[in-house]
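Analysis of the macromolecular model
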Amino acid sequence: MNVLTLAELARLAKLNLEPAVWDFIEGGAGEERTLTANRDAFDRVWLRPTVLAGNGTPQIDTAILGRRWAAPFGVAPLGYQTLAHPDGELATVRAAGEAGVPVVVSTFAGRTFEELAAAATAPLWLQVYCFRDRAITRDLVERAGRAGFEALMVTADTPYLGRRLRDERNGFTLPPTVRPANLPPGDYASPSAQARAQFDPALDWSVIDWLRSISDLPIMVKGVLTAADAVQAITAGADGIVVSNHGGRQLDGAPPTLSVLPEIASAVAGKCPVLLDGGVRRGADVLAALALGADAVLLGRPVLHGLAVGEQAGVAQVLDILRAELVDAMSLAGIAALDDAGPDLVQESEPRR
Ligand code: FNR
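One structure accompanies this document, and this report is about it. (Residues numbered from 1 in each chain as written. Predicted model: local features only at pLDDT ≥ 70, side-chain atom pairs only at ≥ 80, totals over all residues.)

A word on the packing of helix 4 (residues 89-99) against helix 13 (residues 301-333). Orientation of helix 4 relative to helix 13, taken along the N-to-C sense of each, is 15°, at an axis distance of 9 Å. Judged by the inter-axis angle, helix 4 sits roughly parallel to helix 13. As helix 4 runs across helix 13, the sense of the crossing is right-handed. In this structure, helix 4 contributes Ala91, Thr92, Arg94, Ala95, Ala96, Glu98 and Ala99 to the contact, and helix 13 contributes Val303, Leu307, Glu311, Gln312, Val315, Ala316, Leu319, Asp320 and Arg323. Looking at the contact of helix 4 with helix 13 residue by residue, the class counts come to 9 nonpolar, 2 polar and 5 charged. (Axes fitted to C-alpha atoms, helices over the stretch in contact; angles between N-to-C directions. Helix = DSSP H or I, 4+ residues; strand = E, 2+ residues; numbered from the N terminus. Parallel < 35°, antiparallel > 145°, perpendicular 65-115°, else oblique. Left-handed = near helix turned anticlockwise from the far one by under 90°. Contact = placed C-beta atoms within 7 Å. Nonpolar A, V, L, I, M, F, W, Y, C, P; charged D, E, K, R; others polar.)

Here it is as structure tokens:
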């Protein structure tokens, strides 16, 4: 089948994966209100074109934390990518390198930082979960730094994993072949039990100072959903913010990311980059997020769909579809450069059902 959209690729991925693995990847917390709302928020957006703008081909490269990205999107941190394909993160990093976009490597990556760094031709960032045993987290951060990773992204919305009812019903455990490659040996079969046992549930803003004391890398905070927390992050010394509800996997009932983006972008007022994730599935979604104040977006589940369908080539296809759709949406909307996309581009109405 000639796959033309990320939605088509998702349907193919579902056919290739065990039902319980599909549910682990696809599912959200609770009744999945937030998961559904992330997509609905994008479906509610209409783009108001400017005609006869005389632009020609739009520019889509951008600079984030001093590095050029070939497009205003990157790969969100996704643990255990070896679930979708044995090459896991290695295939993702190679595909992203070809596309010239960064990968945020999860604390729970199934391949080592060193082998990923050796394969990378675009920036790698480390996503940090803070463990009760800080020595484990310190080791991760130091190893990633030595391997040439360029930034840290501390996940702030996960004192433990949200209740993912699909996984509870399926009694989901990771197959023995799927384990974190960068963590000490331990019992990782149940992701939620492992997080309950090992994550620091009392994390606070002092984590930024702590990370700063062990690393020179820029620090992004992932999971911000209010203007107040965005301001707090900057006050605490963060170098960037990721507007995220963890793809609807943590607080069910948290607002869709696109809906809170304008208040956060206006509170941040250009002091640091603002990224967004959650429900980005089309080039037009990327453009809408940029128009409403994001500097770039991160892509989650579609990358796993790409891996499941076609390993490295599948991920490359995901990134290529998104790039081509973004260029198309900008061309047809009369937007010459990413900075030209502002709130006037967006009109919102009831979601299409
Ligand atoms: C995630 N996400 C995630 N986030 C994080 O900070 N660390 C992690 O290890 C993971 N792992 C992970 C695994 C799987 C299977 C999924 C689906 C998600 C959340 C991820 O970074 C991102 O916030 C969402 O996936 C974005 O939403 P979309 O694009 O999947 O809708």
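Okay, back to it.
A separate point is the packing of helix 10 (residues 227-235) against helix 11 (residues 257-268). Relative orientation of the contacting elements helix 10 and helix 11 amounts to 35°, with a least axis distance of 8 Å. At the point where helix 10 passes helix 11, the crossing takes the right-handed sense. Contact residues: helix 10 offers Ala227, Ala230, Val231 and Ile234, while helix 11 offers Glu263, Ile264, Ala267 and Val268. The class makeup of the residues in the contact of helix 10 with helix 11 is 7 nonpolar, no polar and 1 charged.

Turning our attention to the nonpolar core. Core analysis: the biggest nonpolar cluster contains 116 residues, and Leu152, Ile241, Val243, Ala289 and Val297 have the highest contact counts within it. Examining the composition of this core, we find that 15 residues originate from one element, helix 13, more than from any other. The contacts of Leu152, once residues within four sequence positions are left out, are Trp125, Leu126, Val128, Val141, Leu211, Ser215, Leu217, Ile219 and Met220. (Core = buried A, V, L, I, M, F, W, Y, C linked by C-beta atoms within 7 Å. Buried ≥ 20, exposed ≤ 12 C-beta atoms within 10 Å, placed from the backbone.)

All right, on to the pairing of strand 6 (residues 124-128) then. The buried count for strand 6 comes to 5 of 5 residues, which makes it a mostly enclosed element. A two-sided burial pattern is seen for strand 6, the buried positions comprising Leu124, Leu126 and Val128 on one face and Trp125 and Gln127 on the other. Crossover handedness for the path strand 5 (residues 103-105) to helix 5 (residues 113-119) to strand 6: right-handed. (Right-handed = clockwise from strand over helix to strand, strands pointing away.)

In the vicinity of the ligand, 23 residues are found, and the nearest of them are Ala76, Gly79, Ser106, Gly247 and Gly300. Classifying every residue of the shell around the ligand by side-chain character gives 7 nonpolar, 12 polar and 4 charged. (Near = placed C-beta within 6 Å.)

Take helix 12 (residues 283-291) next. A large share of helix 12 lies buried, amounting to 9 of its 9 residues. Inspection of helix 12 places Gly283, Ala284, Asp285, Val286, Leu287, Ala288, Ala289, Leu290 and Ala291 among the buried residues, and these make up the whole buried set. Positive phi appears at Gly293, one or two residues downstream of helix 12, with a value of about 120°.

Here we take up unusual backbone geometry. One non-glycine residue, Glu32, lies in the positive phi region at around 65°. Assignment of secondary structure puts Glu32 in the loop between helix 2 (19-26) and helix 3 (33-43). Taking the C-beta count within 10 Å as the criterion, Glu32 has 17 such neighbours and is therefore assigned partly exposed. For Tyr80, which is not glycine, the phi torsion reads 55° and is therefore positive. Secondary-structure assignment places Tyr80 in the loop between strand 4 (73-75) and helix 4.

Take helix 10 next. Every buried residue of helix 10 is listed here: Asp229, Ala230 and Ala233. Projected onto a plane normal to the axis of helix 10, the buried residues spread over an arc of 105° and lie on a single side. Across from the buried face of helix 10, at angles greater than 90 degrees, the exposed residues are Ala228 and Thr235. Buried residues belonging to helix 10 abut strand 8 (219-224), strand 9 (240-243) and helix 11. (Arc of directions from axis to C-beta.)

In this section: the pairing of strand 8. Of all 6 residues that make up strand 8, 6 are buried, and the element is covered over most of its length. The sheet contact formed by strand 7 (residues 151-155) and strand 8 spans 4 bridges and is parallel. Bridging across to strand 8, Thr155 finds its partner in Lys222. Regarding the hand of the β-α-β motif, the stretch spanning strand 8, helix 10 and strand 9 is right-handed. (Pairing = 2+ DSSP bridges.)

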